[in-house]
Amino acid sequence: MDDVTRAIPLTRVMVLACCWAAGILSASSAREPLREYDVLRSFPAGRLAALSAGDVPNDKGLTGTNRSVGHWLEAGPQRGSCRGVVAAVAAGDLALADRCWRGIEVAFAHQQPDGSFEAALRPNGESARPYGAAVETAYFFLQELGRAVLVIRQSPHEAHFHARLMAIEPKMRRACEFILGGYDTITARSAKAVNRIFIAAKAFGLCGKALQEPRYLEACRKLVKLGLTLRDKEGVFIEHGGRDSSYNVVSILMGQVLALHVELPELEESFHAAVAWQLTKILPSGEIDVSGNTRTGVGKEKSYTGQPKNVNTNEIIYALTLYGIVHDHAEALAAAERVARFYQKS
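About the cut-offs
Residues numbered from 1 in each chain as written. Predicted model: local features only at pLDDT ≥ 70, side-chain atom pairs only at ≥ 80, totals over all residues. Heavy atoms only, no water. Helix = DSSP H or I, 4+ residues; strand = E, 2+ residues; numbered from the N terminus. Rg over C-alpha atoms; globule rule 2.2 N^0.38 Å. Buried < 20%, exposed > 50% of the residue type's maximum accessible area, 1.4 Å probe, protein only. Core = buried A, V, L, I, M, F, W, Y, C linked by side-chain atoms within 4.5 Å. Contact = heavy atoms within 4.5 Å. Salt bridge = Lys/Arg side-chain N within 4 Å of Asp/Glu carboxyl O. Axes fitted to C-alpha atoms, helices over the stretch in contact; angles between N-to-C directions. Parallel < 35°, antiparallel > 145°, perpendicular 65-115°, else oblique. Left-handed = near helix turned anticlockwise from the far one by under 90°. pLDDT = per-residue confidence, 0-100. Phe/Tyr/Trp six-rings, centres within 6.5 Å; stacked < 30°, edge-to-face > 60°. Lys NZ or Arg CZ within 6 Å of the ring centre and 35° of its normal. Polar contact = N/O pair within 3.5 Å; in protein donor to acceptor, adjacent residues only side chain to side chain.

A.B. asks: Before we go on, may I ask you to explain the overall build of the chain in this structure?
C.D. replies: Regarding its fold elements, the chain presents 16 helices and 0 strands. Its C-alpha atoms give the chain a radius of gyration of 19 Å, near enough to 20 Å, the size a compact globule of 346 residues would have. Seen through its C-alpha atoms, the chain measures out along the principal axes to roughly 55 × 50 × 40 Å. Out of the 346 residues in the chain, the part that is buried amounts to 55%.

Structure follows, in structure tokens:
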């Protein structure tokens, strides 16, 4: 993408931001013209490609931990292929988008009649076979699938994917019905991990918009309302009873993407305080300060591969870049750049 093409949507974003600051537009009207496709094309050169470099499926069509273990584990890790489609479509690289789409096809090849997905044993001996875990892994996949469908429709490339989009709609709907049936398990399992509340809200909201299904959108709004109660007095999203400089930003990222597609003014308003705290956790070097974290970077939790959970650097860079562009926030953009440079070196 040349500099002129990249500048067009960014200029529009900046004009809207200036009008909003001057009181010419309200917060909701300032957001209305923004589309995620345009915002993604406004990312700094090379940023989106770098963030999605690990999302390209292997020859088996596997992404994430499915790819790392070499075989199918469950649906959730296939969300990486959806992110790969989004990045490739934003870049206009249809060959890469087709390669990434293969991961979506592989996921649905493992779909079961009730809309859930097959699950194998994880490296730690657990699995996504129990009902609550099956709902969770399904919505982890669906939250990026719905996003991919909507970004494709916003792009000039919908015709390239049209037949495939039509083919997955009934499968997508079955999966959404499955997670809707497990709504109570979402709230029960995720009250201490608010980022998962927003991930589930994103699945319902983006799939609901893609499928034009009001019931899914209503579930989305209910989860957002719950998630907004899980903040401390300074507006930081609470994880396991405290603050976490990784998962706070995961909540911000999931909420921001959702709010670009579904009108949720209270959610948008919540980002400002959460981002303000997040910026205090980014050192001048770009390293993420993990002191006081309740979950990541301090050895308190392990992933299901047995490794200690580290900070989600990609999500931090992604969220701050997105926030910086949408809100014309120079400090957030500068922080994203510092983080990208620090972790690229290390």
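Here the narrative resumes, following the displayed structure.
A.B. asks: Looking at this structure, how should I read the nonpolar core?
C.D. replies: General note: in soluble globular proteins, nonpolar side chains tend to be found buried as a group. In this structure, Phe141 and Leu142 are the most contacted members of the largest nonpolar core, which totals 104 residues. Per-element accounting of this core gives the leading share, 13 residues, to helix H8 (residues 131-154). When sequence neighbours within four positions are dropped, the list of residues in contact with leucine 142 reads Met172, Ala175, Cys176, Ile179, Ala203 and Cys207.

A.B. asks: Mind showing me how you'd approach the pattern of salt bridges here?
C.D. replies: Opposite charge on two side chains permits them to pair, given that their charged atoms come into close proximity. Throughout the structure, instances matching the rule amount to 21 salt bridges. Arginine 173 serves as the salt-bridge partner of glutamate 213, at 3.3 Å between the closest nitrogen and oxygen. Placement of glutamate 213 in the loop between helix H11 (194-211) and helix H12 (214-228) and of arginine 173 in helix H9 (residues 158-181) is noted, with a sequence separation of 40 residues between them. By relative accessible area, arginine 173 is classed as partly exposed at 30%. Taken together, the shared-partner salt bridges in this structure form one network comprising Glu36, Glu144, Arg147 and Lys202.

A.B. asks: When you look at the packing of helix H13 (residues 247-261) against helix H14 (residues 265-280) in this model, what are you seeing that I'm missing?
C.D. replies: Helix-helix packing is characterised by the crossing angle of the two axes and by the distance between the axes. Axis separation between H13 and H14 bottoms out at 10 Å; the angle between their running directions is 150°. Classified by the angle their axes make, H13 and H14 are roughly antiparallel. The element H13 and its partner H14 pack so that their crossing is left-handed. For the pair H13 and H14, contact is made by Asn248, Val249, Ile252, Gly255, Gln256, Leu258 and Ala259 and by Leu267, Glu268, Phe271, Ala274, Val275, Trp277 and Gln278, respectively.

A.B. asks: I tried to follow the confidence of the model for the chain on my own but got confused; where do I start?
C.D. replies: Residue-level pLDDT values for the chain average 91, and 90% of them are 70 or greater. Contacts of residues 1-31 to residues separated by more than four positions or lying in other chains number 37 contacts, the stretch itself having pLDDT below 50.

A.B. asks: Would you explain the environment of leucine 228 in this entry?
C.D. replies: Note that leucine 228 resides in helix H12. Classification of leucine 228 by relative accessible area gives buried; the value is 14%. Considering only alpha carbons, one finds leucine 228 and leucine 267, 39 residues apart in sequence, at a separation of 7.2 Å. Apart from the residues lying within four places of it in its own chain, the contact partners of leucine 228 are Phe198, Glu266, Leu267 and Ser270.

A.B. asks: Sorry, what's going on with the packing of aromatic side chains here?
C.D. replies: Any two aromatic rings considered together are summarised by their centre-to-centre distance and by the angle between their planes. Per the stated rule, a full pass over the model turns up 9 aromatic pairs. Residues phenylalanine 43 and tyrosine 318 carry aromatic rings whose centres are separated by 5.5 Å and whose planes lie at 70° to one another, so their mutual orientation is edge-to-face. In this pair, phenylalanine 43 sits in the loop between helix H3 (36-41) and helix H4 (47-51) while tyrosine 318 sits in helix H15 (residues 313-326), placing the two residues 275 residues apart along the sequence. In this structure, phenylalanine 43 and tyrosine 318 share a single accessibility class: buried. Between the aromatic rings of phenylalanine 108 and phenylalanine 117, the centroid separation amounts to 6.0 Å while the plane-to-plane angle is 45°, which identifies the pairing as tilted. Take phenylalanine 108 and phenylalanine 117: they sit in the same class, and that class is buried. One aromatic cluster in this structure is built from Phe108, Phe117 and Phe141. Here the guanidinium or amino end of arginine 164 rests over the ring plane of tryptophan 101, the centre of that ring lying 5.6 Å away. Sitting over the ring of tyrosine 247, arginine 295 keeps its end group 4.0 Å from the ring centre.

A.B. asks: How should the side chain of threonine 63 be read in this particular structure?
C.D. replies: Position of threonine 63 among the secondary structure elements: in the loop between H4 and helix H5 (64-69). Taking the relative accessible area as the measure of exposure, threonine 63 reaches 0% and is therefore buried. Residues in contact with threonine 63, not counting those within four places in the same chain, are Asp55, Val56, Pro57, Pro77, Gln78, Arg79, Gly80 and Ser81.

A.B. asks: Which parts of the structure should I look at to understand the packing of H14 against H15?
C.D. replies: Where H14 meets H15, the axes come as close as 12 Å, and the angle between the chain directions of the two elements is 125°. Between H14 and H15, the angle is such that the two are oblique. In this structure, H14 crosses over H15, and the sense of that crossing is left-handed. Every residue of H15 that contacts H14 at Phe271, His272, Val275, Gln278 and Leu279 is listed here: Ile316, Leu320 and Tyr323.

A.B. asks: Any chance you could explain the environment of threonine 294 here in plain terms?
C.D. replies: On the secondary structure map, threonine 294 appears in the loop between H14 and H15. Look at threonine 294 and you get buried, because its relative accessible area is 17%. Separated by 55 residues in the primary sequence, threonine 294 and glutamate 239 have C-alpha atoms spaced 6.7 Å apart. Other than its neighbours up to four places away in sequence, threonine 294 contacts Glu239, His240, Gly242, Arg243, Asp244 and Lys300. One polar contact links the side chain of threonine 294 to the main-chain carbonyl oxygen of glutamate 239, over a distance of 2.6 Å.

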